[in-house]
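Examination of the molecular architecture
Chain residues, written in single-letter form:
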Amino acid sequence: MPYVNIQITSGASREQKAQLVREVTDSLVRVLGKNPEHTHVVIQEIDEENWGYAGLLTDEWKKSRGG
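Here we summarise the structure given alongside this text. Bear in mind that the values here come from a model prediction, so they are computed numbers and not experimental data.

1. Describing the side chain of threonine 25
Mapped onto the fold, threonine 25 is located in helix α1 (residues 14-32). Assessed through its relative accessible area of 12%, threonine 25 is described here as buried. In this view, threonine 25 contacts Pro36, Thr39 and Val41; residues no more than four positions away in its chain are not counted.

See below:
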């Protein structure tokens, strides 16, 4: 039973998340022959202030890059 955990910063649309679930499931079926009915995909959205990158919180890092 495959279990895939995808962690992303907040902001993805419902449609984007649905596409991720579909495509990850399809990849597991195609590459490993896994049964899609036994495949679990969990998407965890994490606020940028709770995610660190390059020694900074992600929201601070984005600000420093002009984003």
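2. Side note on the pairing of strand β1 (residues 3-9)
Alignment of β1 against strand β2 (residues 40-46), held across 7 bridges, turns out to be parallel. In the strand pairing of β2, valine 4 is matched with valine 41. A crossover connection joins β1 to the parallel β2 through α1; in handedness this β-α-β unit is right-handed.

3. A few points about the environment of valine 29
Within the secondary structure, valine 29 is located in helix α1. Assessed through its relative accessible area of 34%, valine 29 is described here as partly exposed. Ignoring any residue separated from it by four or fewer positions in sequence, one finds valine 29 in contact with Lys34 and Pro36.

4. Some remarks on the environment of glutamate 60
Examined against the element boundaries, glutamate 60 turns out to sit in helix α2 (residues 58-64). In this structure glutamate 60 comes out as partly exposed when scored by relative accessible area, which is 40%. Taking the C-alpha atoms as reference points, glutamate 60 and glutamate 48, separated by 12 residues in sequence, lie 8.6 Å from one another.

5. Points about the pattern of salt bridges
Across all of its chains, the model carries 2 salt bridges by this definition. Lysine 17 serves as the salt-bridge partner of glutamate 45, at 3.0 Å between the closest nitrogen and oxygen. Of this pair, glutamate 45 sits in strand β2 while lysine 17 is found in helix α1, placing the two residues 28 residues apart along the sequence. Judged by relative accessible area, glutamate 45 falls into the partly exposed class, the value being 35%. Between lysine 62 and glutamate 48 there is a salt bridge, and its shortest N-O distance comes to 2.5 Å. On the criterion of sequence distance, the pair formed by lysine 62 in helix α2 and glutamate 48 in the loop between β2 and β3 (52-53) is long-range, its members being 14 residues apart. The exposure class assigned to glutamate 48 is partly exposed, which follows from its relative accessible area of 22%.

About the criteria used
- Residues numbered from 1 in each chain as written.
- Predicted model: local features only at pLDDT ≥ 70, side-chain atom pairs only at ≥ 80, totals over all residues.
- Heavy atoms only, no water.
- Helix = DSSP H or I, 4+ residues; strand = E, 2+ residues; numbered from the N terminus.
- Buried < 20%, exposed > 50% of the residue type's maximum accessible area, 1.4 Å probe, protein only.
- Contact = heavy atoms within 4.5 Å.
- Pairing = 2+ DSSP bridges.
- Right-handed = clockwise from strand over helix to strand, strands pointing away.
- Salt bridge = Lys/Arg side-chain N within 4 Å of Asp/Glu carboxyl O.

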